[in-house]
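# Topology and contacts: notes
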Amino acid sequence: MTQPPILAVRRLTLTEFRNYRSLRLETGARLLALVGANGAGKTNILEAISLLSPGRGLRGVTLDELARQGGSGSWAIAAEIEAEHGPVSLGTAWNGKAGSGDSGGRQVVIDGEARKGSGALGDYMRFLWLTPAQDRLFAGPASDRRRFLDRMVTASDPEHGARIAVFEKVMRERNLLLEETRPDPGWLSSLEAHMAEAAVAISAARLVGLEALQTHIGEGRDTSSFPWAEVAVQGEIEALVAQKPAVQVEDEYRRILRDSRSPDRAAGRTLRGPHRSDLEVVHGPKRKAAALCSTGEQKALLIGLVLAQARAVQAGAGVPPVLLLDEVAAHLDRARRKSLLEALAALGSQSWMTGTDAQLFEAIGEAGAIFHVEDGHVSKAVED
């Protein structure tokens with residue numbers, strides 16, 4: 001029987017990245033647990049893997065922050081991956097010469113060929129991740145939930161991140177232009193037209209993504225050990241897109257931007273648009289807003305959402321995404337930890353997990369491998 005395709009990192013090589021002077025890690029496992037004390041470098045490995053996709057990775061930091069302290073100032077990540085249509089070599093690096101921040105961009109090489117920008121990585125890898133910072137997602141600012149939503153949508157629709165980047169770039173240009181004493185109205189109109197086009201595309205992708213997510217939440221509603229959720233996006237442009245043709249919504253948002261020039265100039269930012277939207281999540285069994293749930297309930301909701309989104313990606317793209325689950329077992333009891341590992345195994349994706357104790361992953365089974373991480377060194381802790 002032909003095995004279904006998966007995405008997986010089979011070999012990972014780090015050079016001068018975070019606390020790793022040099023690391024080469026090979027595995028054929030689908031479930032991987034990295035265990036060790038806090039600060040050992042477990043999350044750094046997950047962060048490196050996340051940079052095999054477009055964007056700034058699971059921590060969202062600037063490129064210079066990724067370089068090893070006391071090192072050369074540059075860093076590199078290389079990987080041999082199993083992609084949908086066969087093995088591929090991916091590499092990304094920063095030479096440390098562009099100054100602080102991301103102004104110089106990062107280098108990307110795919111099968112030995114240099115590519116312009118990190119966007120090309122989206123053709124090969126899809127990721128979903130959970131980090132301890134997201135444990136406060138439902139009680140935190142809307143911007144955190146919006147980024148979480150957009151990351152989930154990007155896993156299904158790799159172009160989504162590029163749309164957001166375009167919108168944010170043009171929005172910054174408009175904000176700068178509004179600071180001028182007499183901004184060119186023609187230029188403003190042109191920028192607002194570009195913003196409207198991108199805004200409608202972003203909002204439409206969010207609605208499509210959430211519809212697919214809700215479908216797969218429903219499919220696992222009676223079998224999952226994690227609570228099911230009701231999800232919706234609350235946003236002015238999304239509401240318009242749900243009701244009207246895209247062309248009409250573009251016209252309406254252009255009018256909104258035109259009429260908002262004075263208040264936007266006074267505020268120093270754009271006050272209306274898809275960058276103000278919020279993700280609404282309700283704990284289905286309890287009919288309670290996620291923000292009002294306990295810490296454990298919120299963690300279980302997040303895990304349930306990521307598992308449902310992984311199923312949605314698999315249904316749409318034909319392959320499940322790679323899951324990066326940092327400290328995923330922190331608030332789970334033994335039964336739920338076992339259920340999580342069983343759900344990951346059933347999904348068939350490659351999942352990378354971290355924790356402080358190997359006992360957290362005692363039910364990892366034959367499909368898994370446990371590695372011990374200590375002060376920038378990684379060793380096999382349990383045989384496959």
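Going by the structure above, here's the rest.
Everything numeric in this text was worked out from a predicted model, so none of it was measured.

Our focus in this paragraph is the overall build of the protein. Along the protein, the regular secondary structure elements total nine helices and 15 strands. Its C-alpha atoms give the protein a radius of gyration of 22 Å, within 12% of the compact-globule value 21 Å for 384 residues. Buried positions account for 49% of the 384 residues belonging to the protein. For the protein, long-range pairs separated by at least 24 residues make up 68% of all intrachain contacts whose partners lie at least 6 apart in sequence. Here the protein has roughly 17600 Å² of accessible surface; of this, 49% comes from carbon and sulfur atoms.

For the coordinates displayed, the defined rule picks out 27 salt bridges. One salt bridge connects R174 with D264, and the closest N-O pair in it is separated by 3.0 Å. In this pair, R174 is assigned in helix α3 (residues 160-178) and D264 in helix α7 (residues 261-267), connecting sequence segments 90 residues apart. Close ionic contact of E297 with K286 constitutes a salt bridge, the shortest N to O distance being 2.2 Å.

Here the focus is the pairing of strand β2 (residues 20-26). Where strand β1 (residues 8-17) lies against β2, six bridges are found, and the strand directions are antiparallel. The residue bridging L14 from the neighbouring strand is L23, located in β2.

Spatial strand order, β2-β1-β4-β5-β6-β7: six strands in an open sheet with antiparallel pairing. This sheet does not close on itself; its edge strands, each paired only once, are β2 and β7 (113-115). Direction aside, neighbouring strands of the sheet carry axes that sit 15 degrees apart on average. Against the sheet, helix α1 (residues 42-50) makes contact with β1, β2 and β4 (75-83), and its axis sits at roughly 110 degrees relative to β1, the strand it touches most.

Overall, antiparallel pairing links the three strands, which are arranged β9-β10-β11 in an open sheet. Every interior strand has two partners, whereas the edge strands, β9 (229-234) and β11 (288-289), have only one. Summarising the sheet, β9 and strand β10 (residues 278-283) pair through six bridges and their orientation is antiparallel. Following the sheet pairing, V233 is matched in β10 by L279. Its contacts with the sheet place helix α2 (residues 142-156) against β9 and β10, and it is angled at close to 85 degrees to β10.

About the criteria used
Residues numbered from 1 in each chain as written. Predicted model: local features only at pLDDT ≥ 70, side-chain atom pairs only at ≥ 80, totals over all residues. Heavy atoms only, no water. Helix = DSSP H or I, 4+ residues; strand = E, 2+ residues; numbered from the N terminus. Rg over C-alpha atoms; globule rule 2.2 N^0.38 Å. Buried < 20%, exposed > 50% of the residue type's maximum accessible area, 1.4 Å probe, protein only. Contact = heavy atoms within 4.5 Å. Areas by Shrake-Rupley, 256 points an atom, 1.4 Å probe, with all protein chains shown as cover. Salt bridge = Lys/Arg side-chain N within 4 Å of Asp/Glu carboxyl O. Pairing = 2+ DSSP bridges. Axes fitted to C-alpha atoms, helices over the stretch in contact; angles between N-to-C directions.

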